[in-house]
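In case you want the letters, here they are:
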Amino acid sequence: MRSFIFILFLLCSTITQTFAQKEVKVQGTVIEKDSNIPLEYATITFKSKPDNTIVTGGITDSNGKFNIDVPVGTYDISVEYISYKTKEYLNKTIDQDIDLGTVALDLDVNTLDEVTVVSETTTVEIKLDKKVYNIGKDLTTAGGTVSDALNNVPSVAVDIDGAISLRGNGNVRILINGRPSALAGFGDTNVLSQLPAEAIERVEVITSPSARYDAEGTAGILNIILRQKETLGFNGSFNFTIGNPDNIGLNASLNYRTEKYNLFSNLSWRYFDAPRNSFTDVTYFDRLIDGETVVPEYRRIREDEDVERLNRNYNANIGMEYFLSEKSSITGSLFDRFGSDADLAINKSERFNNGAIVEETLRRERDTEQDNSYQIAINYVNRFGDDSDHKLTADFQYEEDSEDGFTFLNENYIITDQTDPEPFQIEQELTVEDQKEYLIQADYVLPLGKDSRFEVGFRSNLENEITNYRLEQENIETGDLVVNDTITNIFDYDENVNALYSQYGSKFGKFSFLLGLRLEHTQLKGDIDSRFTEDELIEAFGFPIRTNFDNNYLGLFPTLNLIFNLNGSDSDNEESVTLGYNRRINRPRGWFINPFPTRSSRTNIFQGNPNLQPAFSNAFDVGYLKRWKTLTLTSSVYYQVETNSFERVQENTGQQTTDGIDIIRTIPINLSTNKRTGAELGVLYNPNKWLRLNSSFNFFQFETDGEFNNVDYSAKNTSWFARFSSKITLPGKIDWQTNARYRGARQDAQSDTQGLLSIDLAFSKELFDNNLTVSLNVRDLLNSRRRQSTTTTDFFERYRESQWRQRQINLSLIYRFNQKLNKRDGSRRGNNGNDGDFDFEG
């Protein structure tokens, strides 16, 4: 009897397994309720009972239909579409082909309102260690670049040369998705002018960085988070831009996601002509050398330069996130960039004595540059248990960049008072720069109870840069180009930073804190291959120069961030006060250390200083936030003391060109102490759907105390900058946006720079059920974005006026598919730079 029961059990099990392995078809149609419009790319998911794991699923076609093969069994079935309420069929047994019929989904009004508000405006979140600006639908940057978008972020300014500053301080660290990246150009912020603005999801302004972040950057950190969509199915957008001066751009952002993996890509190509111009007027003074007065060859020199700049570049960022399980994922991505630039500069030079022109020359300078870089990145995330905050992340990143530059310079006389003038030498410069960088990082976050968290991590960043510079000059007698081996050199530079950090954060009622400590070891190592002897270098520089150096620094960097919510976490009208302290480091970059001159002209050179030491700062920040239903107010005051700070100074080298013009050198030096005090105020006002206003004001004062070569460079300066943005919805649902920026006059140890005003204007219209956006924008409407400065030393006074980019008019078309209500795409669930955030949103 027992044998019969056992055989019967085996038979039943076999039949059951055979039956369970049978597949049947489940079909149906998904539509929008009320309108009956088919919903393409709606997601249908089958979860098994009782373990609630995903067995299979699918998406709807263009007619909203689905037909999915499903193993026989009992399931919870969900039908989802972004910004719609999910439809569920719970505990449904499927043992034969079945038609679910027409599934009508309701709009989720709460989600729709949230998406619409965020997509239209820029919002701010206050966290313990940073402010997060979620970039809204900025019409003025359509068809623009990341640099253009950053210029509209409060506290951030991008000058006419592309240099980025935070609260008026240019020593800012740029991160992409929380890490240094080739996308940020190995520290060259001009690369950001090649990346499309549409790639940005949000910008984190980190003025009081926690221990998790690099200690580099005395001004703080800008963490740029790129868009990587999480919408299920296939979706994306295409962007076409055309403008004047010549500007043609194509961008495609494509994404395909299933429950198991996510494929993402962003491809862009751009061709543009960015003409620039500059004017320089230099008056030379008599010099006293060894008790004798030396009169300059020319009392005054004026130079007027126009530059045509043709740029072609493409960027490709492709990757895949694979979900190993519900708790872990691995992401791999490849970034590649290629740029080709061709510049032609025409420089007219007039030389005066006794108020009359005695000589006039015309110089032609042709520059070509090719830049090719790529980056490979791998990220692993593992979450433990049911707590998504308990996790381990690991990153590996390798980057390589190769840049080849060629400059050909030729100058001829137009008029001269010389009877037998010596002809100018033809010159050509060849520069090859190769950079490699490795990054290895691991972070572990452990929640301790409901409101506390402990975090520990490691980062190793290893960078090598080799610069091969060669100068060839014409032999006037033979006409041959001969290598100038006194300036030709190879500079091999390493910057290696290894760091350990730990931090602990907790929340007690209305009070939260985050305390951290970071230990960093820095190695700055250089080897200069040149025929110069040390005595010749001393003669050239005026002080000893090391051609081989290996500097090592070990530093502790404590951080403390506090936040007090005055109204409690559940209050509708949020109000909070924050306090931050951090210690930071400013490491000299490779071009600041290379002692061999690079020349913007024959009479102006920049020379690095191998003796530069890192600068250290201590910064304090107190902030206040108040949020009403339609108004958000943010404010802060800050104070920073930087010791051993380095700045650029200009001086007469005592050398002259072949035609008797003094050569002026710019060199960075450690200039003792820099104190900076400031305050900022920001207002976001959205009284209704058709009007949105955004304004910010930043006032700062810095004081420098130091001397170099017996010259006192102490200075005290007060400056400010402000921005205002308005967005109005006109009849016909046409959006009109105006952005205005003004940077006040400022001073440093040697220069006075005048104020600068810039206004951008844009109009936009949504068409074809919000799938197509047409926008027209004008950047620098008044063509007033010109830098004007005066530099005064004991040997010369120089007035300079320059315009890096002229007024630009762009027409942009953006087509989206499967993004009707998702104009602002969410970021991936993996590690995109904010894992481990101790969240407190204000």
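Given the structure is predicted, the values throughout are model-derived calculations rather than measurements.

### Observations regarding the overall build of the protein
Within the protein, the secondary structure is distributed over 5 helices and 50 strands. Out of the 842 residues in the protein, the part that is buried amounts to 53%. In the protein, the share of contacts with a sequence separation of at least 24, taken over all contacts with a separation of at least 6, comes to 68%. Counting only carbon and sulfur atoms, one obtains 54% of the accessible surface of the protein, whose full area is about 37200 Å².

### Things to note about the pairing of strand 38 (residues 673-688)
When a strand is regular, its side chains alternate between the sheet's two faces. Judged from the 13 bridges that link them, strand 35 (residues 631-643) and strand 38 form a sheet pairing that is antiparallel. Counted as the bridge partner of T643 is T673 from strand 38. One ladder, built from 14 bridges, connects strand 38 with strand 39 (residues 691-705); its direction is antiparallel. Bridge pairing in strand 39 places V683 opposite S695. Hairpin connection from strand 38 to strand 39: 2 residues lie between these consecutive antiparallel strands.

### Regarding the sheet that holds strand 7 (residues 98-105)
The strand order across the open sheet built from 3 strands is 4-1-7, with neighbouring strands paired in mixed fashion. Two strands lie at the open edges of the sheet, namely strand 4 (65-71) and strand 7, each paired on one side alone. Averaged over all pairs of adjacent strands, the angle between their axes in this sheet comes to 25°, without regard to strand direction. Where strand 1 (residues 23-32) meets strand 4, 7 bridges bridge the pair, whose relative direction is antiparallel. Its bridge partner being in strand 4, T29 is matched across the sheet by K65.

### A look at a negative patch on the surface
Together, E703, D705, E707 and D712 make up a region of like negative charge exposed at the surface. Relative to the helices and strands, D712 is located in strand 41 (residues 711-712). According to the relative accessible area criterion, D712 is exposed, its value standing at 55%.

### Focus: the packing of aromatic side chains
All told, the structure shown has 21 aromatic pairs when counted by the stated rule. Relative to Y261, the ring of Y256 lies with its centre 6.1 Å away and its plane at 50°, an arrangement referred to as tilted. You can call Y256 partly exposed: its relative accessible area is 30%. Their ring planes at 65° and their centres at 5.9 Å tell us that F592 and F646 sit as a pair that is edge-to-face. Taken as a pair, F592 in helix 5 (residues 590-593) and F646 in strand 36 (residues 646-656) lie far apart in primary sequence, 54 residues in all.

### A word on the environment of N317
Relative to the assigned elements, N317 resides in strand 21 (residues 300-323). In this structure the C-alpha to C-alpha distance between N317 and Y374, which are 57 residues apart in sequence, comes to 9.5 Å. Residues contacting N317, with those up to four places away along its chain left out, are F264, S265, N266, L267, S333, L334 and F335.

### Overview of the sheet that holds strand 3 (residues 54-59)
Read across the sheet, 4 strands follow the order 3-2-5-6 without closing on themselves; strand pairing throughout is antiparallel. Unpaired on one side and paired on the other, strand 3 and strand 6 (87-94) mark the two borders of the sheet. Neighbour-to-neighbour, the strand axes of the sheet open up by a mean angle of 20°, direction not taken into account. Pairing of strand 5 (residues 73-80) with strand 6, which is carried by 6 bridges, proceeds in the antiparallel orientation. Its bridge partner being in strand 6, Y75 is matched across the sheet by K92.

### Concerning the pattern of salt bridges
Opposite charge on two side chains makes pairing possible when the charged atoms of those side chains draw close. Across all of its chains, the model carries 23 salt bridges by this definition. When the shortest N-O distance is used, the salt bridge between E305 and R276 registers 3.7 Å. You can see E305 sitting in strand 21 and its partner R276 sitting in strand 18 (residues 276-284), a full 29 residues away along the chain. The exposure class of E305 is buried, given its relative accessible area of 11%.

### Things to note about the environment of N36
Within the fold, N36 resides in the loop between strand 1 and strand 2 (43-48). Along the primary structure N36 and V103 are separated by 67 residues, whereas in three dimensions their C-alpha atoms are 10.0 Å apart.

### Some points on the confidence of the model for the protein
With 81% of its residues at a pLDDT of 70 or more, the protein has an overall mean of 81. Looking over the protein, one finds the lowest element-wise mean pLDDT in helix 2 (residues 109-120), namely 36, and the highest in strand 25 (residues 427-447), namely 93. Within the model, pLDDT remains below 50 along residues 185-189, and this stretch shows 16 contacts once partners closer than five positions in the same chain are excluded.

### Here's the deal with unusual backbone geometry
What is expected of a backbone is that most residues other than glycine have negative phi and most peptide bonds are trans. Here N244 and P245 are connected by a cis peptide whose omega angle stands at -5°. Assignment of secondary structure puts P245 in the loop between strand 15 (233-244) and strand 16 (247-257). Although it is not a glycine, D780 adopts a positive phi angle of roughly 60°. Its place among the elements puts D780 in the loop between strand 47 (772-779) and strand 48 (787-792).

### As for the side chain of S635
Considering the arrangement of structural elements, one finds S635 in strand 35. By relative accessible area, S635 is classed as buried at 19%. Leaving out residues up to four positions away in the same chain, S635 has contacts with V622, G623, Y624, E680 and L681.

### Quick notes on the pairing of strand 2
The element strand 2 is extensively covered by neighbouring structure, given that 5 of its 6 residues are classed as buried. Summarising the sheet, strand 2 and strand 3 pair through 5 bridges and their orientation is antiparallel. Across the sheet, the residue bridging to T45 is G57, located in strand 3. By the bridge criterion, 6 bridges tie strand 2 to strand 5 in an arrangement that is antiparallel. Bridged to S48 within strand 5 is Y75.

### Looking at the nonpolar core
One finds V30, F46 and L105 to be the most contacted residues of the largest nonpolar core, which totals 21 residues. Mapped by element, the contributors of at least two residues to this core are strand 1, strand 2, strand 4, strand 5, strand 6 and strand 7. In terms of nonpolar packing, the next biggest core, distinct from the first, is built from 17 residues, L150, I200, V203 and V205 among them.

### So, the environment of F616
Checked against the element boundaries, F616 lands in strand 34 (residues 615-627). Note: C-alpha distance between F616 and R583 (33 residues apart in sequence) is 7.2 Å. When residues no more than four places from it in sequence are discounted, the contact partners of F616 are F557, R583, R584, I585, V641, E642 and T643.

So, how was this worked out
- Residues numbered from 1 in each chain as written.
- Predicted model: local features only at pLDDT ≥ 70, side-chain atom pairs only at ≥ 80, totals over all residues.
- Heavy atoms only, no water.
- Helix = DSSP H or I, 4+ residues; strand = E, 2+ residues; numbered from the N terminus.
- Buried < 20%, exposed > 50% of the residue type's maximum accessible area, 1.4 Å probe, protein only.
- Contact = heavy atoms within 4.5 Å.
- Areas by Shrake-Rupley, 256 points an atom, 1.4 Å probe, with all protein chains shown as cover.
- Pairing = 2+ DSSP bridges.
- Axes fitted to C-alpha atoms, helices over the stretch in contact; angles between N-to-C directions.
- Patch = residues over 30% accessible without salt bridge, like charges linked within 9 Å, V, L, I, M, F, W, Y side chains within 5 Å.
- Salt bridge = Lys/Arg side-chain N within 4 Å of Asp/Glu carboxyl O.
- Lys, Arg positive; Asp, Glu negative; His and termini not counted.
- Charge placed at Lys NZ, Arg CZ, Asp CG, Glu CD.
- Phe/Tyr/Trp six-rings, centres within 6.5 Å; stacked < 30°, edge-to-face > 60°.
- pLDDT = per-residue confidence, 0-100.
- Core = buried A, V, L, I, M, F, W, Y, C linked by side-chain atoms within 4.5 Å.

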